[in-house]
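In case you want the letters, here they are:
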Amino acid sequence: DAGVIQSPRHEVTEMGQEVTLRCKPISGHDYLFWYRQTMMRGLELLIYFNNNVPIDDSGMPEDRFSAKMPNASFSTLKIQPSEPRDSAVYFCASSLGRIINQPQHFGDGTRLSIL
Amino acid sequence: DQQVKQNSPSLSVQEGRISILNCDYTNSMFDYFLWYKKYPAEGPTFLISISSIKDKNEDGRFTVFLNKSAKHLSLHIVPSQPGDSAVYFCAAHTSGTYKYIFGTGTRLKVLA
């Protein structure tokens, strides 16, 4: 079975550029999560969706960050303009909400470097 | 303000011995706890979980203990194997919500 698929795996870009990270959740999963991993703060939840609708975006650090989920099989996290402090590994995860306490399944992440 | 803390950034253990990874939390509303394992260049994978109605859950070599009064949980790996070398994250949430709070992780190295 295909897991959560993220692209690109690595992204290196210059400060000020727009960055778009992509995620395809596991088919049938109705919850999708975006996380950021840093050494200092570990895994931080940025935003999550239920049935394509954003439920909680309180973790989004600034207005430079935005996320969309146009359909059940695709989501994007966009940073515009990007800054060096946005450098981190970004993970997408999905889960099946109707099974209570079902663990979230993670993709392999996008390593983002902003120069 | 870290609601879930893993105070040991790293741990080294000899192969065959017990590994004990610790996690503390501050929010008494948390009632479900999970451990994830993460290898380099991969996403975290679910390992084991425990509900607050239990104080122990076991799955093969992995056991999680929960001490609600101390707001503390631990993961025991017995016996430890070199393939267990990874970063371990604990996470907590309140049942019915989907917002996991993760710790900063503990890097375990099992020495052959």
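About the cut-offs
- Residues numbered from 1 in each chain as written.
- Chains lettered and ligands numbered in written order.
- Predicted model: local features only at pLDDT ≥ 70, side-chain atom pairs only at ≥ 80, totals over all residues.
- Heavy atoms only, no water.
- Helix = DSSP H or I, 4+ residues; strand = E, 2+ residues; numbered from the N terminus.
- Rg over C-alpha atoms; globule rule 2.2 N^0.38 Å.
- Contact = heavy atoms within 4.5 Å.
- Areas by Shrake-Rupley, 256 points an atom, 1.4 Å probe, with all protein chains shown as cover.
- Lys, Arg positive; Asp, Glu negative; His and termini not counted.
- Charge placed at Lys NZ, Arg CZ, Asp CG, Glu CD.
- Pairing = 2+ DSSP bridges.
- Buried < 20%, exposed > 50% of the residue type's maximum accessible area, 1.4 Å probe, protein only.
- Polar contact = N/O pair within 3.5 Å; in protein donor to acceptor, adjacent residues only side chain to side chain.
- Disulfide = S-S within 2.5 Å.

Visitor: I tried to follow the overall build of chain B on my own but got confused; where do I start?
Guide: The helix and strand inventory of chain B stands at 0 helices and 11 strands. In chain B, the succession of α and β elements from N to C terminus is β-β-β-β-β-β-β-β-β-β-β. For a compact globule of 112 residues, the expected C-alpha radius of gyration is about 13 Å, and chain B comes in at 13 Å, within 12% of that figure. The long-range fraction of contacts in chain B, counting pairs at least 24 apart against all pairs at least 6 apart in sequence, stands at 54%. Taken as a whole, chain B presents about 5,400 Å² of accessible surface, with 50% of it coming from carbon and sulfur. Put simply, chain B has 12 plus and 9 minus side-chain charges, and the middle of one group is 3 Å from the middle of the other.

Visitor: Quick question: what am I supposed to make of the sheet that holds strand β3 (residues 19-25) of chain B here?
Guide: Strand pairing within a sheet occurs via backbone hydrogen bonds; the two strands may be parallel or antiparallel. Residues and elements named next belong to chain B. In space, the 5 strands of this open sheet follow the order β1-β3-β8-β7-β6, with antiparallel pairing throughout. What marks the edges here is a single partner per strand, and that holds for β1 (4-5) and β6 (56-59). Here 6 bridges tie strand β7 (residues 62-67) to strand β8 (residues 72-77), and the two strands are oriented antiparallel to one another. Each bridged residue has a counterpart across the sheet, and for Phe65 the counterpart in β8 is Ser74.

Visitor: It is not clear to me how the environment of A:Tyr90 should be interpreted in this structure. Could you clarify?
Guide: Residue and element names in this part refer to chain A. Take Tyr90: it is sitting in strand β9 (residues 88-95). On the basis of relative accessible area, Tyr90 is assigned to the buried category, the value being 0%. For Tyr90 and Leu77, which are 13 residues apart along the polypeptide, the C-alpha to C-alpha distance reads 9.2 Å. Excluding residues that lie within four positions of it along the chain, Tyr90 makes contacts with Gln6, Leu21, Tyr35, Arg36, Leu46, Phe65, Leu77, Ile79, Gly109, Thr110 and Leu112.

Visitor: Sorry if this is basic, but what is going on with the side chain of B:Ser74 here?
Guide: Residue and element names in this part refer to chain B. Here Ser74 shows up in strand β8. Since its relative accessible area comes to 7%, Ser74 is described here as buried. Within the local environment of Ser74, its side chain forms a polar contact with the side chain of His76, the two groups lying 3.4 Å apart. Ignoring any residue separated from it by four or fewer positions in sequence, one finds Ser74 in contact with Ile20, Leu21, Asn22, Trp35, Thr63, Val64 and Phe65.

Visitor: Mind showing me how you'd approach the pairing of strand β8 (residues 74-79) of chain A here?
Guide: One face of the sheet, then the other: side chains in a regular strand alternate in exactly this way. Residues and elements named next belong to chain A. With 5 bridges connecting them, strand β3 (residues 19-24) and β8 associate as antiparallel partners. Paired with Arg22 across the bridge in β8 is Thr76. Linking two consecutive strands that pair antiparallel, namely strand β7 (residues 65-71) and β8, is a turn of 2 residues.

Visitor: Is there a simple way to think about the state of the cysteines in this case?
Guide: Covalent bonding between the sulfur atoms of two cysteines defines a disulfide. As enumerated under the stated definition, the model contains 2 disulfides over all chains in all. Disulfide pairing places A:Cys23 opposite A:Cys92 at an S-S distance of 1.9 Å. Note on the A:Cys23 and A:Cys92 pair: the S-S dihedral is about -70°, so by sign convention the disulfide is left-handed. One end of the pair, A:Cys23, is in strand β3; the other, A:Cys92, is in strand β9, with 69 residues separating them in the sequence. Of the two residues, A:Cys23 and A:Cys92, both sit in the buried class. Here B:Cys23 engages in a disulfide with B:Cys90; their sulfurs sit 1.9 Å apart. An S-S torsion of about 60° defines the bridge between B:Cys23 and B:Cys90 as right-handed. Placement of the pair is B:Cys23 in strand β3 and B:Cys90 in strand β9 (residues 86-93), with a sequence separation of 67 residues.

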